[in-house]
Amino acid sequence: MEQINSLPIERQRELLLQKCPTYLETKKAVEKNEFHLPPLLNAKHGKVVTRFPPEPNGYPHIGHAKAAVIDEEYAKMYAGKLILRFDDTNPLNEKLEYYDAIMEGLSWLNIVPDIIKNTSDDIHLLHFYGKKLINKGNAYICLCDQNTIHHLRSKGLPCQCRIDSDKVLENSDKIFNGYYHQNEAIIRFKGNMNSDNTAMRDPTLFRIIENTHPLLGDKIILWPTYDFAAPIEDSLDGVTHAFRTKEYELRNELYQQILKNLEMRIPEVLEFSRLEFEGLPVSKRKLKPLIEEKKVEGWSDPRLPTLMGMKRRGFTPEAIRRFVLSLGITLSETKPSIGVLEAFNRKIIDSISKRLLFVNDPVKITIKNVKQKEVVFKNHPSIEMGSRKIYVNNVVFISSQDAEKLKNGMEIRLIELYNIKVSYIDIEKKEGIVEYRDNILKENIPKIQWVSEEDLVKYMILKPTKLFIGDRFNHNSLEVIEGFAESFVTTLSTNTMVQFIRLGFCRIEDNKSAIFTHK
RNA sequence: GCUCCGAUGGUGUAGUCCGGUUAAGCAUUUCGCCCUCUCAAGGCGACGAUCCCGGGUUCAAAUCCCGGUCGGAGCACCA
């Protein structure tokens, strides 16, 4: 062994090849553009159950998409089941419209859960397990006020309620019978008040919230916290692998302890980092003011990282899925650039996007000595997507950016039309005169897009850019590009993806406008 | 403050558990070339990482050990 090990690596390899020729060939080639999640521990084919547990307290965003895709992908990978569970245990935050919004978001992502349920469906069960925990001496009723609790928790000291918890048992009945009101009493887990893990310092399991719940109305006032509901529900629902974002990491001990005390099955819990794009926060705290102050149009504004916004921007669910999978389930906290998502999206929409002509800030070009012409324009350069006819008399419009580069005597080609020679151009007046040259394809002359005076509509492209620069809202985050498009755009329905030649991919919004997706 | 977690090219990651098939794979970005009546897509190629730093163990360390640094998270009657 010593001898072999001390040989140079090349020699070791030679010897290895002689003795065991297959050993060095086991590495599989990585398929391009295909990303997979790593295998799961303790996962049996057909037996994996995952769950996506959003709280219906807002519109779903890219962060939800990441969690949902991971949950679904693992369920699929092991031919298991995916549960969608609305984690609706705080009537202060939840609204009916958000349940629907989340459902819509998922269906847009093509994620179809096998089971759909609400944590609130199991409220009586949750109460039952709460009582059980108290009876076993693993939880107690605490009557202290919040400041006291906070104070003692930070010092690692128990309160009198805890100390007396074995003697004072009647409070338990009282809290379940509705004797107490909001802020008067809570149920706490009997953890370890001086644990290093602060999540174990007797966290709250139930509290009283006298608000109307979107599903249960006013019937219930004693609501479990996430810390209690999540492990119980996961265990009861048969979840084998529970994924959550990494800020819950320290709660793992609690999660397991609760189930252990109750002698319930403990699922595998795994964490992944939150997903947020650079310059595009996901938090309601940052987004809501934008909407309230009308800086953006609403939750479906194409600048927003909400699923509705991203859909409107022209991102495809398939691109989002690939993107999420390419991220993996790492714990490292990073903010990927949206450019990666765009790259995935581009590859998907390229093959379904018709190529159209649009010019912004149009300059009127009169063409001398030319006859009326009809061009047949292919809808896609390499894929059979039909074609359309465009009539051209002797006036076309080109964009002023292109016009600026023109000089007298210069020869250019109007894409798919013919070559012209510039005889006069005035950017200020937005006009120019050119001569017809010929219709021979030449390699070294500029090719620019145009629209025919005979066949145009006024059109607008909304171009989203960075929402925030640093910490500040970018007031120029929605650029408006106005110009002319060929009238063919008006025949396309909302949501159609197109590519305006030399401009970029856009999603058709209506007869008058489109939203710029990306280059 | 205390506790936990992370750190691989410009960016996102694979590999780290079980040290040697790889001085590092993939994707993206940027740049070339080919293709193309688009500044798109496709094809080919290039640039780019002494794997946070310092020390140790070992014939051999991105991978193991110790000590730092930087970044993030938790410490709610939110989830």
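All values derive from a computational prediction rather than experimental measurement. (Residues numbered from 1 in each chain as written. Chains lettered and ligands numbered in written order. Predicted model: local features only at pLDDT ≥ 70, side-chain atom pairs only at ≥ 80, totals over all residues. Heavy atoms only, no water.)

**A short note on helix α9 (residues 226-236)**
Thought 1: Taking burial as the measure, the eleven residues of α9 include nine buried ones, the bulk of the element.
Thought 2: Residues of α9 that are buried include every one of D227, F228, A229, A230, P231, I232, E233, D234 and S235, and no others.
Thought 3: In the segment just after α9, G238 is the residue with positive phi, at about 80°. (Buried < 20%, exposed > 50% of the residue type's maximum accessible area, 1.4 Å probe, protein only. Helix = DSSP H or I, 4+ residues; strand = E, 2+ residues; numbered from the N terminus.)

**Considering the side chain of K117**
Thought 1: Along the polypeptide, K117 turns up in strand β3 (residues 115-118).
Thought 2: Here D122 takes part through its side chain, which lies 2.6 Å from a polar atom of the side chain of K117.
Thought 3: K117 has contacts with I83, L84, R85, F86, D122, E233 and D237, leaving out every residue within four places of it along the chain. (Polar contact = N/O pair within 3.5 Å; in protein donor to acceptor, adjacent residues only side chain to side chain. Contact = heavy atoms within 4.5 Å.)

**A few points about the pairing of strand β26 (residues 504-508)**
Thought 1: Taking burial as the measure, the five residues of β26 include five buried ones, the bulk of the element.
Thought 2: Both strand β25 (residues 497-500) and β26 contribute to a ladder of four bridges, which runs antiparallel. Within the sheet, the bridge partner assigned to Q499 lies in β26 and is F505.
Thought 3: Looking at chain direction, β26 and strand β27 (residues 513-518) are connected through four bridges and run antiparallel. Following the sheet pairing, I508 is matched in β27 by A514.
Thought 4: Taken together, β26 and the strand that follows it, β27, pair antiparallel across an intervening segment of four residues. (Pairing = 2+ DSSP bridges.)

**Digging into the packing of α9 against helix α10 (residues 252-261)**
Thought 1: The geometry of α9 relative to α10 is characterised by a closest axis approach of 9 Å and an angle of 60° between their N-to-C directions. Looking at the two axes, α9 sits oblique to α10. When the axes of α9 and α10 are compared, the crossing they make is right-handed. Contacts from D227, F228, A230, P231, I232, D234 and S235 of α9 reach α10 at L254, Y255, I258 and L259. (Axes fitted to C-alpha atoms, helices over the stretch in contact; angles between N-to-C directions. Parallel < 35°, antiparallel > 145°, perpendicular 65-115°, else oblique. Left-handed = near helix turned anticlockwise from the far one by under 90°.)

**What about the protein's contact with RNA strand B?**
Thought 1: RNA strand B sits among 57 residues. The nearest are R207, R251, K347, R355 and R502.
Thought 2: Close to the protein, within 4 Å, the atoms of RNA strand B belong to sugar or phosphate groups at a rate of 66%.
Thought 3: One of the side-chain nitrogen or oxygen atoms of R355 is found 2.4 Å away from a base oxygen of RNA strand B.
Thought 4: When contributions to the surface near RNA strand B are tallied by element, the ones reaching two or more residues are α2 (9-19), α6 (146-155), β6 (204-208), α13 (317-327) and α14 (338-349).
Thought 5: With four residues, α6 is the largest single contributor of residues to the surface near RNA strand B.
Thought 6: Residues that form the surface near RNA strand B fall into these classes: 18 nonpolar, 17 polar and 22 charged. (Near = heavy atom within 4 Å. Nonpolar A, V, L, I, M, F, W, Y, C, P; charged D, E, K, R; others polar.)

**Quick word on the environment of F315**
Thought 1: You can see F315 is positioned in the loop between α12 (307-313) and α13.
Thought 2: Separated by 45 residues in sequence, F315 and L270 place their C-alpha atoms 28 Å apart.

**What to know about a nonpolar patch on the surface**
Thought 1: Nonpolar side chains collect at one region of the surface, where L125, F128 and L236 lie side by side and expose about 250 Å² of accessible area between them.
Thought 2: With respect to the helices, strands and loops of the structure, L236 is situated in helix α9.
Thought 3: By relative accessible area, L236 is classed as partly exposed at 34%. (Patch = residues over 30% accessible without salt bridge, like charges linked within 9 Å, V, L, I, M, F, W, Y side chains within 5 Å. Areas by Shrake-Rupley, 256 points an atom, 1.4 Å probe, with all protein chains shown as cover. Salt bridge = Lys/Arg side-chain N within 4 Å of Asp/Glu carboxyl O.)

**Things to note about α13**
Thought 1: For α13, the complete set of buried residues consists of P317, A319, I320, R321, F323, V324 and L325.
Thought 2: Each element contacted by the buried residues of α13 is listed here: α3 (62-77), α4 (96-108), α12 and α14.
Thought 3: Once α13 ends, the next one or two residues include G328, with phi positive near 75°.

**A closer look at the sheet that holds strand β21 (residues 456-464)**
Thought 1: Pairing in this open sheet of seven strands is mixed, and the strands run β10-β25-β26-β27-β21-β24-β11 from one edge to the other. Across the chains shown, the open sheet's two edge strands, defined by having one partner strand only, are β10 (354-356) and β11 (358-360). Looking at each pair of strands side by side, their axes are set apart by 40° on average, direction ignored.
Thought 2: Most of the contacts of α14 go to β27, to which it runs at about 120°, and overall it touches β25, β26 and β27.

**Quick look at the nonpolar core**
Thought 1: Among the nonpolar cores identified, the biggest contains 51 residues, and F52, I62, I320, L341 and L467 are the most heavily contacted of them.
Thought 2: Sorting the residues of this core by element identifies α3, β2 (81-86), α4, α11 (284-292), α12, α13 and α14 as the ones contributing at least two each.
Thought 3: Not counting residues up to four positions away in its chain, the partners in contact with I320 are I62, A65, W108, L109, M310 and L341.
Thought 4: Judged by nonpolar contacts, the second largest core, of 30 residues, contains F176, L205, F228 and I258. (Core = buried A, V, L, I, M, F, W, Y, C linked by side-chain atoms within 4.5 Å.)

**Topic: the pattern of salt bridges**
Thought 1: This structure, assessed with the given rule, holds 34 salt bridges.
Thought 2: Ionic pairing is found between E509 and R312, a salt bridge with its closest N-O pair at 2.8 Å. One end of the pair, E509, is in the loop between β26 and β27; the other, R312, is in helix α12, and 197 residues separate them in sequence.
Thought 3: A relative accessible area of 12% means that R312 is categorised as buried.
Thought 4: Residue R322 is joined to E318 by a salt bridge in which the shortest nitrogen-to-oxygen separation is 3.4 Å. Highlighted residues: R322 and E318, both in helix α13, separated by four residues, approximately one helical turn.
Thought 5: Given a relative accessible area of 32%, R322 falls into the partly exposed group.

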